[in-house]
Amino acid sequence: MLTKLLEINQIGEERAGVLDIPEKYWPQPGQYMPCQHDSDPAAPLVTNLFRVIGTGDQLYLGPMPENWLPGDSIHILPPQGNGFSIPAAARRVGLLPFGVSPLRLLPLLKTTLMQNAALVLFWDAGQNHDILHRLPTVVEVAPTATLAENLDWLDYLAIDIALGDLPQLNSLLSIPELPFDGQLLIRTDMPCRGIGDCGVCAVKTTKGWQHACTDGPVFQLKELHHVAQ
Ligand code: FES
């Protein structure tokens, strides 16, 4: 499908854009949407965009490449992969953007607030006041290091992490058995989206090697906890 880039917003260090897409094609939080610029010779490959920002009713996708501008024509494919699903019974939810902006996790705010769950964003915001100002006041923000003290408090934890950072996550979640449900969005290159079976996106899990592009990019935390070397 060929569509138009309608608008770009700079949010913290990332760019988010609005594409003219019917709501039935909107990706769920954590799913990715393969997009390709119609005429950008510098970007011949697909760019995988994620749903970003928070509670608004407009679909924002990101992170947008620097040279994509409003009015540009973009080819899109339907949403791919598995997204997040917060258990309906979860009453204490944590979000952990691991060394990255929380933009890809913030779309989970809507579901969390609808089920009246308490929500803590474990994030070292630094000077990133732009994102902090966009958060509803019910969201508590706590330093990442405090997560280790709050593992018993959580019913559910959603994580956004680069594949190469999994060993560091294991250090943060150092207990052998996690007392809560969790899922993680694995960020890694996904050049073929499973079509070419290239294996670039391979992730080691308790079930063996899986592909982020088709089995993820959102995985169950218990399937990856203490698996990465
Ligand atoms: S991106 Fe090629 S198998 Fe996943």
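Residues numbered from 1 in each chain as written. Predicted model: local features only at pLDDT ≥ 70, side-chain atom pairs only at ≥ 80, totals over all residues. Heavy atoms only, no water.

A. Structural context of the overall build of the protein chain. Across its full length, the protein chain holds 4 helices and 14 strands. Over its C-alpha atoms the protein chain spans a radius of gyration of 17 Å, differing by no more than 12% from the 17 Å that the globule rule assigns to 229 residues. When its C-alpha atoms are laid out on the principal axes, the protein chain stretches across 50 × 40 × 30 Å. The buried share of the protein chain, taken over its 229 residues, is 50%. Nonlocal contacts in the protein chain, meaning residues at least 24 apart in sequence, comprise 68% of its contacts between residues at least 6 apart. Element-wise, carbon and sulfur atoms account for 50% of the exposed surface of the protein chain, whose accessible area totals about 10,700 Å². Treating the 14 positive side-chain charges of the protein chain as one cloud and the 24 negative ones as another, the clouds have centres 5 Å apart. (Helix = DSSP H or I, 4+ residues; strand = E, 2+ residues; numbered from the N terminus. Rg over C-alpha atoms; globule rule 2.2 N^0.38 Å. Buried < 20%, exposed > 50% of the residue type's maximum accessible area, 1.4 Å probe, protein only. Contact = heavy atoms within 4.5 Å. Areas by Shrake-Rupley, 256 points an atom, 1.4 Å probe, with all protein chains shown as cover. Lys, Arg positive; Asp, Glu negative; His and termini not counted. Charge placed at Lys NZ, Arg CZ, Asp CG, Glu CD.)

B. A look at empty space enclosed by the protein. Applying the stated criterion across every chain yields a total of 1 cavity of 30 Å³ or more. By volume, the largest cavity amounts to about 30 Å³. Taken together, L166, L169, N170, L184, L221, L224 and H225 form the lining of the largest cavity. Sorting the residues of the lining of the largest cavity by element identifies α3 (166–172) and α4 (221–224) as the ones contributing at least two each. When the residues that make up the lining of the largest cavity are grouped by side-chain class, the tally is 5 nonpolar, 2 polar and no charged. (1 Å grid on protein atoms, 1.4 Å probe; cavity = no way out; pocket = protein on both sides within 12 Å on 5 of 7 lines; lining within 4 Å. Points joined across faces, edges and corners; volume = space filled by probe spheres on them. Nonpolar A, V, L, I, M, F, W, Y, C, P; charged D, E, K, R; others polar.)

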